[in-house]
There are 2 protein chains.
Amino acid sequence: MSENENSKKPYVTYGDRCCGCPGSTLPISGCRFTLAPMTDRYVEIITEAVAKVDTSKVWKNTDHLSTVYRGKQIHVVDAVKACFVHAYREGVHMTMEATFTKGCPGDCDADCFMAEDDIRMNEEQIRDIHFPVACKIALYPMGTDSYMKEIAHVVNRAVDLNLYDCSTHYATYLYGDVQDLFNYFDEVTRYCGEKISHYILEATLSVNSPTPRQ
Amino acid sequence: MSENENSKKPYVTYGDRCCGCPGSTLPISGCRFTLAPMTDRYVEIITEAVAKVDTSKVWKNTDHLSTVYRGKQIHVVDAVKACFVHAYREGVHMTMEATFTKGCPGDCDADCFMAEDDIRMNEEQIRDIHFPVACKIALYPMGTDSYMKEIAHVVNRAVDLNLYDCSTHYATYLYGDVQDLFNYFDEVTRYCGEKISHYILEATLSVNSPTPRQ
């Protein structure tokens, strides 16, 4: 056996789990996100924002690529919103790539706080902060043939809320105030968490882009 | 009817299309990506990189949020790789969020160039450029119950190629040279495009992070 093969990591296996059988028995929602402030001061902006979030009701981890929060849906969205708002700087272009999800057959009952009430820890500090956000979203309802109907339902809620901008290849574009956008994320992740066994809502948020919307 | 309702955009509808019935009759692959160089010079880096890519074999569009390429799988990956490599600057932390995909029931036969040979337009200019990349990926095979097996297969190819770093909540972490990583993306998108009616490979690439890998 070559040295190369000796050092190879073991294969992963996810067993025979399939959709409809989440790997966790608890209703764990999660979000993994990457902040990218496009300025020389990005380190201070990211570290300050991550530190300012009250994470007492979510499990969290930050590494070289991203931050993940896990717990009850309402607290995960509250914490992600707080991190994004705390990282906002007037005039600084920034993106946040965020994956909201629940129900993966490969999930487990670890790394989460679930026995919490519904009082959001960050909302009071951030609810009066307003700035416009451009955003692209894509919803992936897993393990079903008729997922386009679920996607249309979720997109049309954005139409109802005047957040819908346009449809384009591989994404739906939204535009609106940060408060309205996160209210929408809160509603959609609650809806999908109840209706869809395993969903992924992939979002890229952008503020202060020098490129005008088309 | 209130003014608000008058100005509301029309609802989207994706009809009764379901998985296994791609909206396009052509085998159109695509990638939508967002570059984020974390430096005050981000505008020049992004615009220069986008302009330097030879896009003669892909359909393209850039807007305030992202760039999209559509066409034959080999040329889409070639163009995305070129844009990433051209945006690389020594010492500058940068992320690229990229959605590689094919087969969406909502797709259509527009906005692509397909009648092309397999000679890559950018490879020769970029194939000798090397730098390490940290990356997280998530594969979403749509419309099937047994998607965890396809995910395991694709992750285990990264193990074979010594690109696999670790598994974590909602993502698989990779680490390796930019050439090896894009060879992997080329192989995986070809495999998924042939085996899975509708797939999404979501990736976030990161270079020059000041945070060490754990």
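Summarised in this report is the structure supplied together with it. (Residues numbered from 1 in each chain as written. Chains lettered and ligands numbered in written order. Predicted model: local features only at pLDDT ≥ 70, side-chain atom pairs only at ≥ 80, totals over all residues. Heavy atoms only, no water.)

### As for the pairing of strand 7 (residues 171-177) of chain B
Residues and elements named next belong to chain B.
Okay, so step 1: In terms of burial, strand 7 is a largely internal element, six of the seven residues being buried.
Okay, so step 2: With six bridges connecting them, strand 5 (residues 132-141) and strand 7 associate as antiparallel partners. Pairing of Pro132 across the sheet is with Asp177, part of strand 7.
Okay, so step 3: By the bridge criterion, four bridges tie strand 6 (residues 164-168) to strand 7 in an arrangement that is antiparallel. From the neighbouring strand, Thr168 faces strand 7, where its bridge partner is Ala171.
Okay, so step 4: Once strand 6 ends, the chain turns through two residues before running back antiparallel as strand 7, passing Tyr170 with a positive phi of about 75°. (Buried < 20%, exposed > 50% of the residue type's maximum accessible area, 1.4 Å probe, protein only. Helix = DSSP H or I, 4+ residues; strand = E, 2+ residues; numbered from the N terminus. Pairing = 2+ DSSP bridges.)

### Digging into the relation of the copies chain B and chain A
What relates the pair of chain copies is a rotation about an axis plus a shift along that axis.
Okay, so step 1: Overlay of chain B on chain A (RMSD 0.0 Å): rotation 180°, translation along the axis 0.0 Å. The transformation just described matches what one would write down for a two-fold rotation axis.
Okay, so step 2: Interface overlap between copies is the fraction of interface residues in one copy that are interface residues in the other; for chain B against chain A it reaches 100%, indicating a shared surface. (Least-squares fit on C-alpha atoms with pLDDT ≥ 70 in both. Contact = heavy atoms within 4.5 Å.)

### Topic: the pattern of salt bridges
Okay, so step 1: Under the criterion given, the structure shown has 28 salt bridges over all chains.
Okay, so step 2: We note a salt bridge from A:Glu48 to A:Arg89, for which the minimum N-O separation is 3.3 Å. A residue pair is termed long-range when its members are at least 10 positions apart, and A:Glu48 in helix 2 (residues 42-52) and A:Arg89 in the loop between helix 3 (73-87) and strand 4 (94-102) qualify at 41 residues.
Okay, so step 3: A:Asp160 is the salt-bridge partner of A:Arg157, the closest N and O atoms lying 3.2 Å from each other. A residue pair is termed a helical-turn pair when its members lie 3 or 4 positions apart in one helix, as A:Arg157 and A:Asp160 do in helix 5 (residues 147-160) at three residues.
Okay, so step 4: Overall, the relative accessible area of 25% leaves A:Arg157 in the partly exposed class.
Okay, so step 5: A single network of salt bridges, built from pairs that share partners, joins A:Lys8, B:Arg157, B:Asp160 and B:Glu187. (Salt bridge = Lys/Arg side-chain N within 4 Å of Asp/Glu carboxyl O.)

### With respect to the interface of chain B and chain A
Okay, so step 1: Taken residue by residue, the interface counts 86 residues in chain B and 86 residues in chain A.
Okay, so step 2: Approximately 7,000 Å² of surface area, both sides summed, lies buried where chain B meets chain A, with 59% of it carried by carbon and sulfur atoms.
Okay, so step 3: The largest share of the area that chain B buries against chain A comes from B:His64, B:His169 and B:Tyr170, three residues that together contribute 12% of it.
Okay, so step 4: Put simply, chain B and chain A have six salt bridges between them.
Okay, so step 5: Among the salt bridges present, the one from B:Asp165 reaches A:Lys9, with a minimum N-O distance of 3.7 Å.
Okay, so step 6: Counting the contacts that link chain B with chain A gives 33 residue pairs in polar contact (both at pLDDT 80 or more).
Okay, so step 7: The greatest single-element share of the side of chain B that touches chain A, amounting to nine residues, is contributed by helix 5 (residues 147-160) of chain B. (Buried area = accessible area lost by both parts, 1.4 Å probe. Polar contact = N/O pair within 3.5 Å; in protein donor to acceptor, adjacent residues only side chain to side chain.)

### Some points on the packing of aromatic side chains
Residues and elements named next belong to chain A.
Okay, so step 1: Taken as a whole and judged by the stated rule, the model has 15 aromatic pairs over all chains.
Okay, so step 2: Aromatic rings pair up to connect Phe84, Tyr88, Phe100, Phe131, Phe182, Tyr184 and Phe185 into one cluster.
Okay, so step 3: Its end group placed over the ring of Tyr175, Arg213 keeps NZ or CZ at 3.6 Å from the ring centre. (Phe/Tyr/Trp six-rings, centres within 6.5 Å; stacked < 30°, edge-to-face > 60°. Lys NZ or Arg CZ within 6 Å of the ring centre and 35° of its normal.)

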